[in-house]
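# Fold and geometry: a report
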Amino acid sequence: MQTASGLKKTPLYESHLSLQAKMAPFGGWLMPIQYEGILAEHAHTRQEVSVFDICHMGELILEADPATSSFDRIITQDVVSMPVGLCRYGFMLNEQGGIIDDLIVYRLYDKNWMLVVNAATIASDEGQLYRHLSGGCRLKNASSALGKLDVQGPRSRDVMVKIFGDSIARLGYYNCGEFFLWGERCIVSRTGYTGELGYEVYIPLEKTQRLWDTLLKDRRVKPAGLGSRDTLRLEMGYPLYGQDIDAQHTPLAAGLERFVDFSKDFIGKGALIKEREAGPKERLVYLVSDSRRAPRHGFGIFDGDRRVGTVTSGSFSPSLSAGIAMGYVAGNYQAGNRLFIRDAAVEIPVRVTKKPFYSKTAL
Amino acid sequence: MEIPEGLFYTKDHEWARLEGKTAYVGITDYAKTSLGDITFVELPKIGEALKQSGFSATVESVKAASDVYAPFSGKVTQVNQELSSHPELVNQSPYEKGYFFAIEISDEAEKAALMDAAAYRKYLEGLS
């Protein structure tokens, strides 16, 4: 579905309006930013269970022969020999080591993978895959056929068991599987973008509404929008593509080398090895403010009077009641170092810290 | 949308309540609803001289920061210190507990530039 402004709508658009959501554009889609309020939705996700409409994200299905496919070269993680039923977070890189996208790769069957990618990068991801996949592979963009709902929060397991049955309780962290609901095949993984126990559910598009309604009939579940999704992920120090990571930055600069498998070959590896030897020019750091004032995207990061970097993501942290930020800086700053974030009329003293900004539960 | 009678309103969605020479100032129900959850408020200093329509305070929500302008010229005589640790008072009670500051106004005639409740209600209808 498309609006007059050219923005796409998810199948839950009318439900969002009837819940009086504030809607705004995101990645070419008109998405719910908040319902009751970002702080309430953030707290509910940390304490109970929230459901997020994430239908805008892309799903690419790849059929390939693990023995001969060049798929493994396109992803920084080992995805071809990973066991069926596992998910891995990793990157597609260009030859310079810049990040084309961050994604989660699901191994659904022996010769079948699902790539869950960002809404705004589906076309560039497909381009990269078509350029480098060897013959005998089949790639299908399933984004418009699949709905995606994220069920996140400490009580999400109980909620999911009630809908999908007991077997879903055995799904481990970063595992995925096939589950049948109303005669339809769904893919469910124990993953998420909030730092809480949670699940991501992929369901045929036409059944998305029914799952949404069923979830919201459970009194423990409330809808949450992209506003709280952003504060939740930022408290965990999870990067947002297009903001904290992009084609101008490598996984090394972003401090995400643990999602890069240097024991295998992948596109961009040569550039990363050179960068590792020379030391990255910039590094993503995590900054926490002494006050409630929030640093914002684009604010400068200063060491005394000297500008050393730029904020990529910043917000008020509901869990810490303080401003938090991520940003790239030139220089080797360590946890505890004092810096300043400045904009035209604003100065926010901050200190360097380690991610996550907030931690509580087992995932 | 709550728009109490007897207050003066600006086009930028501040309100002022006159008590003799003192004007209490805050942001309207409409303003706090469109900002969402208020997370931080920076207030002027006591004794600071403000000009009508000039910058007086900053209010931040989770998503954005906005400037608050002074409805009247005058000198700041009180600030609502509660807001530094409980900015959510602006969401809960925008016209009472969530007021920002008070000023001793220098020229009551400035109220000619402000709207009464009926005019502000009409102004909001024109915005939607």
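Residues numbered from 1 in each chain as written. Chains lettered and ligands numbered in written order. Predicted model: local features only at pLDDT ≥ 70, side-chain atom pairs only at ≥ 80, totals over all residues.

With that settled, the discussion passes to the sheet that holds strand 3 (residues 22-27) of chain B. Ordered in space as 1-2-3-9-8-5 (chain B), the six strands form an open sheet in which the pairing is antiparallel. The open sheet has two free edges, formed respectively by strand 1 (8-9) and strand 5 (49-50) of chain B, since each of these has just one partner strand. (Pairing = 2+ DSSP bridges. Helix = DSSP H or I, 4+ residues; strand = E, 2+ residues; numbered from the N terminus.)

Turning to the pairing of strand 4 (residues 58-63) of chain A, a few remarks are in order. All names here are of chain A. Here strand 4 pairs with strand 7 (residues 112-117) via six bridges, running antiparallel. Residue L60 lies in a different strand from strand 7, and its bridge partner there is L115. By the bridge criterion, four bridges tie strand 4 to strand 8 (residues 138-141) in an arrangement that is antiparallel. The residue of strand 8 that forms the bridge with L62 is L139.

Contacts between the two partners involve 11 residues from chain A, matched on the other side by seven residues from chain B. Where the side of chain A that touches chain B is concerned, the elements lending two or more residues are helix 2 (38-47), helix 7 (226-236) and strand 16 (306-317) of chain A. (Contact = placed C-beta atoms within 7 Å.)

Below, the discussion takes up the confidence of the model for chain B. A low pLDDT means the predicted coordinates there should not be read in detail. Mean pLDDT over chain B: 96, with 100% of residues reaching 70 or higher. Two summary scores accompany this predicted model of the complex, namely pTM at 0.94 and ipTM at 0.88. (pLDDT = per-residue confidence, 0-100.)

The next thing to look at is the sheet that holds strand 5 (residues 87-93) of chain A. All names here are of chain A. With respect to topology, five strands assemble into an open sheet ordered 5-6-7-4-8, the strand pairing being antiparallel. Each edge of the open sheet carries a strand with a single partner, namely strand 5 and strand 8. For this sheet, the mean angle separating the axes of adjacent strands, direction not counted, is 30°. Contacting strand 4, strand 5, strand 6 (99-109), strand 7 and strand 8, helix 4 (residues 122-132) runs over the sheet at an angle of about 70° to strand 6. (Axes fitted to C-alpha atoms, helices over the stretch in contact; angles between N-to-C directions.)

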